[in-house]
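Remarks on the overall topology
So you can see what is in the structure, the chains are spelled out below.
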Amino acid sequence: MMKLSCSSQSLDHLFMQGKVTLFDFADYCADVLGVTYIEVEDKHFASTDPAYVAELKAYFDKKNLKVCNIAFDCSFGYPTAQQNRAQIDRAKEWMPIGKALGSPNFRLFAGWMGGPDPEIHKKGPAVQKPETAWAEMVECVQELCDYGKDMGLSIVIENHNHGGFLSASKDVLRLFDEVKRDNLSLLLDTGNYVDGIDGIRATTHLVKKHVHLKVNQVVEDGHDTVYDLPLILEVLTQSGYDGTLSIEYEGEQDEKIYIKKVTDFVRACLQE
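Figured I'd write up the structure that's included with this text. Because the structure is predicted, anything quoted here is derived from the model rather than measured.

All right, on to the sheet that holds strand 4 (residues 105-109) then. Ordered in space as 1-2-3-4-5-6-7-8, the eight strands form a closed barrel in which the pairing is parallel. If you compare each strand with its neighbour and ignore which way they point, the axes differ by 30 degrees on average. With two bridges connecting them, strand 3 (residues 66-71) and strand 4 associate as parallel partners. Bridge pairing in strand 4 places Ala-71 opposite Arg-107. This element, helix 2 (residues 22-33), spans strand 1 (3-7) and strand 2 (37-41) of the sheet and lies at about 155 degrees to strand 2. Contacts from helix 6 (residues 169-179) reach strand 5 (154-158) and strand 6 (184-189) within the one sheet, and its direction differs from that of strand 6 by about 165 degrees.

This is the structure in structure tokens:
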């Protein structure tokens, strides 16, 4: 059965307003949500100092929480090789932090080049994915997979719309066909495909370690009016996926109230 988790992205508004810290997030996950696994985003760290990271690890241990993924934010769609190299270097600096926190997984984004996919009928400028840019992105991902493997890390790469390289399932399938690294799997974000549930179905075989269950508009009984959570969970279950499932709330409601409601709803669905 899938293992329920919560992403610190779910409280992003509160983090950005300085109202919560990762220690507060740990309290919320352990004491309110009752989950064992947590996912932490790099932007929510107060510091990368080893003493701070060690303090975090000790606190997570005290709360009986396990870090299942470091959600590292990056893009390999910059116009210059120098800019993309800086992204690689920063990822390599963060991987030891993931190891220090006991995370088995390290998230990458392939990157963005601006605008929605031209093959999908969305408003906005067409995203350009020239072959030279795609090839450079693939090389960046390969290098970080190799680096992560030496550190004993699984690399999970997330599909992303809004002009991302991996905005549709066809892009993800192409990437995996070209990267060919055994420690790379898809971090499926269930709300990020421009081809929706069809995209999810087309790529579940690439999902081995971690999933973002996207949540946007939660009602009182905990279900979401934007995403069909029971259907998504059914597709994942039928695929045999049994890794971590991280609630990623990105709505405008009172986070702490409605994340609790949807977590309880998802937990009940998983136990049916």
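Burial of strand 7 (residues 210-215) is extensive: six of the six residues sit out of reach of the surface. Judged by which residues are buried, strand 7 turns out to be covered on both faces: His-210, His-212 and Lys-214 on one side and Val-211, Leu-213 and Val-215 on the other are all buried. Relative to strand 7, strand 6 runs parallel, the two sharing two bridges. Residue pairing in the sheet places Asp-189 in a bridge with His-212 of strand 7. Sheet analysis places strand 7 next to strand 8 (residues 244-249), joined by six bridges and oriented parallel. Residue Lys-214 lies in a different strand from strand 8, and its bridge partner there is Glu-248.

Here His-212 lies in strand 7. Sequence separation between His-212 and Asp-24 is 188 residues; the distance between their C-alpha atoms is 21 Å. Among the polar contacts made by the side chain of His-212, one reaches the side chain of Glu-248 at a distance of 3.4 Å.

Glancing now at the pairing of strand 8. Counting buried residues in strand 8 gives six out of six residues, a clear majority hidden from the surface. With four bridges joining them, strand 1 and strand 8 adopt parallel strand pairing. When the sheet's bridge partners are listed, Leu-4 is paired in strand 8 with Leu-245. Viewed along the sheet, the connection from strand 7 through helix 8 (residues 229-239) into strand 8 turns out right-handed.

Cut-offs used in this document
- Residues numbered from 1 in each chain as written.
- Predicted model: local features only at pLDDT ≥ 70, side-chain atom pairs only at ≥ 80, totals over all residues.
- Heavy atoms only, no water.
- Pairing = 2+ DSSP bridges.
- Helix = DSSP H or I, 4+ residues; strand = E, 2+ residues; numbered from the N terminus.
- Axes fitted to C-alpha atoms, helices over the stretch in contact; angles between N-to-C directions.
- Contact = heavy atoms within 4.5 Å.
- Buried < 20%, exposed > 50% of the residue type's maximum accessible area, 1.4 Å probe, protein only.
- Polar contact = N/O pair within 3.5 Å; in protein donor to acceptor, adjacent residues only side chain to side chain.
- Right-handed = clockwise from strand over helix to strand, strands pointing away.

Note that all results are geometric; they support no functional claim without further evidence.
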